[in-house]
Amino acid sequence: MSAPVPVLTVPGEPPSSAAAVRAAGLTKTHGSGETAVHALAGVDVAFARGAFTAIMGPSGSGKSTLMHCLAGLDSATAGSVWLGDTELTSLRDDALTRLRRERIGFVFQSFNLLPVLDARENIVLPLQLAGRRPDPAWFDAVVARLGLRERLRHRPAELSGGQQQRVAVARALLPRPDVVFADEPTGNLDSRTGAEVLDLLRSSVRETGQTVVMVTHDPIAAAYADRVVLLADGRLAGEIDAPTADSVVSALRGLGA
Amino acid sequence: MRSVTLASVRAHAGRLVASCLAIVLAVAFVVATLVLNETTRSTVLTAAGAQYVGADAVVGTDDGSSLLDAVPTVSAVDGVAAVAPEWQTSVQAVLPGRTGAEFLLVGTAADDAALRWQRLADGALPDRAGEVAVSDRVTAEVGDVLQVVGVAPDGTGSTAEVTVTGVVDLGGDPEAGLYGRAWATPEQAQAWGAADPTELRIAGAPGTDPELLAAAVRDALPDEGITVRTGTEQAEVRAASMLGNATALAAVLLVFGTVAVVVAGLVIANTFAVLLAQRTRELALLRCVGATARQVRRSVLGEAALTGLAASLLGVGAGIGLAAVVSRLAEGVDSPVPLSGLSVPWPAVAAGLAVGVLTTLLAALAPARGATRVAPLAALRPTDPAPLHSRPGVLRLVLGLLLLLPGAALLVLGVLLPHVLVALPGGVLSFLGVVLLAQRAVPPVVRAAGGLVTRAGGVPARLAAGNATRNPGRTAATATALLIGVTLTTAMVVGTASTRASASAGLAAAYPADVVVEGLSGQLPGTLLPQLEGVDGVAGGTALRSAEVTGPDGQAWTASGVDAATAVPVLRSTVDTPLPDSGEVVVPEWQAEAWAVTDGDVVSLDGPAGSAPLRVQVAEESPLLLTGADLARLDPAAPVGQLWLRLADAEAGAQDAVVDAVTDTVGTAVGDAQVTGVVSLRRQMNEVLDVLLLVVTGLLGVAVVIALIGVGNTLALSVVERRQENGLLRAMGLTRRQLRGLLAWESVLVAGVAAVLGVVLGGVYGMAGTASVLGMAGEVVLAVPWLQVAAIVVVATVAGLLASVLPARCAVRTPPVAALAG
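Residues numbered from 1 in each chain as written. Chains lettered and ligands numbered in written order. Predicted model: local features only at pLDDT ≥ 70, side-chain atom pairs only at ≥ 80, totals over all residues. Heavy atoms only, no water.

Chain B appears in an unreviewed UniProt entry as ABC transporter permease from Geodermatophilus sabuli. Recorded under Subcellular location (unreviewed entry), the UniProt text for chain B is reproduced unchanged: "Cell membrane". As stated in UniProt under Sequence similarities (unreviewed entry), the record for chain B gives "Belongs to the ABC-4 integral membrane protein family." (UniProt positions renumbered as here; feature names shortened; annotations may be inferred.)

Rendered as structure tokens:
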């Protein structure tokens, strides 16, 4: 793990208040010496507050690693990550954990709800872990928007895939995090339910100013975003503003995917 | 498939370590128990029956008649190498520097080396008249010269100076502390008035089978009134008479041995089941690539056999080592049960191996069958987040009830009869029933307990409560293992307390006075009692006057007069020695039979001064006892014949010193009195009991340790299984501390429930067991040591907490990213 890596000087640019999350010189290396693999090879990127951004790229481009590093789930080998004004890479595990539960929301490909808890308990779990109570009005608003009112007492095993993912979205939105990271949120859903979930994510951005960063390999899903960031071989490979499925497909083709 | 089996063992070595550890411990537990049992038995035999274990055969008489005439006959028997008649007598000896004479029981140092059983602490056994070897109780040293007063057969007393040639270590002989012992040559013993021998010890020619030799001797002697036993048999008889009820002791060991095998089997079964449940996916993959169901089953069983055998071999070694350590420790602390040396009976080794291998195989059977039913598709599904639901198992319920109900009925019957051979199968059956039913009973209890802790422990506790019951089968299995250990330990602790209480009562009843002073000529000076009461450490005493009275059969008997007012404070118990009220006579059972009287009958006793009608009270064992006033009416001039003394409660050594001081005082005042320190006998037997029970309880502690490994193991597997889920929780903001707390709560829930249930069950079994075992021997006093029982609950729960430490370390190392990897 502690490979001799040259210490990179972090670019001294002050964190921009417009960016919800920002990375500078982000490098992630697995292994060392001859066998070293650079999952991220110096990425500089910023995600605007109140925007829906998709990260795309071919398999092995480092898009998942980038998201893990941005979300404080994985440590970078070099470079730095800011969540607002907070520098993540210097935080210890406990501080990072608290930051995750208070300021970051997650939506996963395989829903990842706790089987022993019912929908309501799953939704309030991050707040409870932080020892906070949900704001009842906001809770009702989120549950109503996601159409889960009738399902709150059900356990995950009693919910359909789409319903489970809506519970996961509610869980991510309830603490009003600085940013919601979604990792292939439609990967396990059919196209109609997938579209519903994407609609919900987009409307939370439009209506409540939620910042959402989504990793996907599906051009149709990416088209729901305000902006697409393209990644290839661990480096930034371009951006598309106001993407459509077609523009994303052709951009990806340009990357050789 | 063999390569797959071997590769699987290699690949899962880490995971197998946990289950191997359980097997090793369980087998070691069985082997150590059996070895210690055997060692204890043989050391009790060599301690209590030391003079017999070395002999090939022993001839005794039933009525105390002389065996001198039998010596030539026995010597002529084919295969007999040497015969040692036991000449016994007693002398009064004055040690250098002491004033009072001390009573010494004199035995024979055999002429033949093979029959010289005495273990010398120093010096040598006597070879000629004028020499003696003494027991260490005498506190003489080699080279000391003793003034010995003996009475020759013709009644003439003689004083001689004899030299101490050796000091004999009587080891754990419970009677070693009663009085001094001395050994002299047969000639010397006869010169001191030894009566004709009533016991012959026989050494066979090298290679002679003791059984055959005893049979040959038996055939050569007349049938009437003669007993021939092998040396070992004779030693067992003596050990039995020393340790009280030998069958009760054997029964306790039998119960314990059975219990050890059952626990070991269940724990191994449990560990292996959990291990295989973890590998469903892998087995499905094998099926996917074309392995037949048969091949999968064979592979699983092969793996089990391999693991079982390897671990069992280690376990046998560990068990013998454990027993050796315990025995060495026991020697080090000078335990009253000298677990000297180590007897490794081969059945112990065989039993250990068999238990290990067979139970591992049996344990693997059910999961192996389950493994063949795994659909190949299971390998292709993503990790199954849904809990594995175990089927309710109607069969298990029916079987459990079928075992529990008749078992419990048998147990109750065994307590009521009371008979241990009825209670034992009842206990085993009902407990197996409980184990089967635990599968159903434990999860709801854990759920209920979970409800309680949820209030106390916040989110982690709530999650833990949910996790603890999401796989009810596994929770039940884990809890059951601990339940078994706790049940048995509690049963043992409660049994120990009850046995101690019962045995103390029994010992006090059998030996009510601490020190008994008897005048050999039948009388003691009246001034002796006040003198003795003045001795430091003597708490009190009472004098018994003795007179010769004529009974209804016209024969003369010695009767003693006792005053309840002074005797009751002196005696430790009056259960077996009832004191007569005015107008009553206590008659020992054998004499009541001879006189053909029973309780409440009136007999007339005649003395020199008159006669008195007295109401009979029959006692099991007692002197012929009247009140002092009644005796005075029969014989106003009756002299003091016996003194009973009670010593102040003190350390063992201090009490021995008091007995010595009493001996000195008595010796100065009277030439011919015998002082018997019963207090040391009672204490030694108590200590023997304590050590035996301590060893047994310690071994059961091992069962709890095994069970806790089971808890840790299950938790570790859950951690592996829930890797993704734990990663998710970490991603959601569960701190490492909270994750540790979650696992700790889960573990404490399971362990706590098992501990509480186990303590309740164990209390019931402990009391039932004690009642059925000791009920056979006599009075039972039930005792529940609450403090120890509470300690068991606390220890088991805290240990459960500790069992979560390693899995938790592993869990917190899981990076949150793991949640997204799936």
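(A) Local environment of the side chain of A:Arg100. Along the chain, the position of A:Arg100 falls in helix H2 (residues 93–103). One buried charged residue, A:Arg100, remains without a salt bridge, the closest side chain of opposite sign being A:Asp93 at 5.2 Å. (Helix = DSSP H or I, 4+ residues; strand = E, 2+ residues; numbered from the N terminus. Buried < 20%, exposed > 50% of the residue type's maximum accessible area, 1.4 Å probe, protein only. Lys, Arg positive; Asp, Glu negative; His and termini not counted. Salt bridge = Lys/Arg side-chain N within 4 Å of Asp/Glu carboxyl O.)

(B) Region of interest: the sheet that holds strand E1 (residues 57–61) of chain B. Residues and elements named next belong to chain B. With antiparallel pairing, the 4 strands of this open sheet are ordered in space as E2-E10-E1-E11. Pairing within the sheet leaves two strands with one partner each, and these edge strands are strand E2 (80–85) and strand E11 (226–230). Put simply, the sheet's adjacent strands are angled 20 degrees from each other on average, direction ignored. As defined by bridge partners, E1 adjoins E11 across 5 bridges and the pair is classed as antiparallel. Residue pairing across strands places Val-59 opposite Val-228, the latter belonging to E11. In this fold helix H6 (residues 210–220) packs onto E1, E2, strand E10 (199–204) and E11, with an angle of close to 165 degrees to the strand it touches most, E11. (Pairing = 2+ DSSP bridges. Axes fitted to C-alpha atoms, helices over the stretch in contact; angles between N-to-C directions. Contact = heavy atoms within 4.5 Å.)

(C) Inspection of the interface of chain B and chain A at higher detail. Facing the 25 residues of chain B at the interface are 25 residues of chain A. Summing both partners gives a buried area of about 2,200 Å² for chain B against chain A, and 65% of it is carried by carbon and sulfur. Between the two partners, chain B and chain A, sit 3 salt bridges. In this structure, A:Asp93 and B:Arg730 form a salt bridge, with 2.9 Å as the shortest nitrogen-oxygen distance. Counting every contact that joins chain B to chain A gives 10 residue pairs in polar contact (both at pLDDT 80 or more). (Buried area = accessible area lost by both parts, 1.4 Å probe. Polar contact = N/O pair within 3.5 Å; in protein donor to acceptor, adjacent residues only side chain to side chain.)

(D) Quick peek at the sheet that holds strand E8 (residues 212–215) of chain A. Residues and elements named next belong to chain A. Read across the open sheet, the 6 strands follow the order E6-E7-E8-E3-E9-E10; overall the sheet is mixed. Sheet topology places strand E6 (104–107) and strand E10 (235–241) at the edges, where each strand pairs with a single neighbour. Strand-to-strand twist in this sheet, taken as the mean axis angle between neighbours without regard to direction, amounts to 20 degrees. Here 4 bridges tie strand E3 (residues 52–56) to E8, and the two strands are oriented parallel to one another. Opposite Phe-52, over in E8, you have Val-212 as the bridge partner. With respect to the sheet, helix H1 (residues 63–70) is in contact with E3, strand E7 (179–183), E8 and strand E9 (227–232), its orientation differing from that of E7 by roughly 150 degrees.

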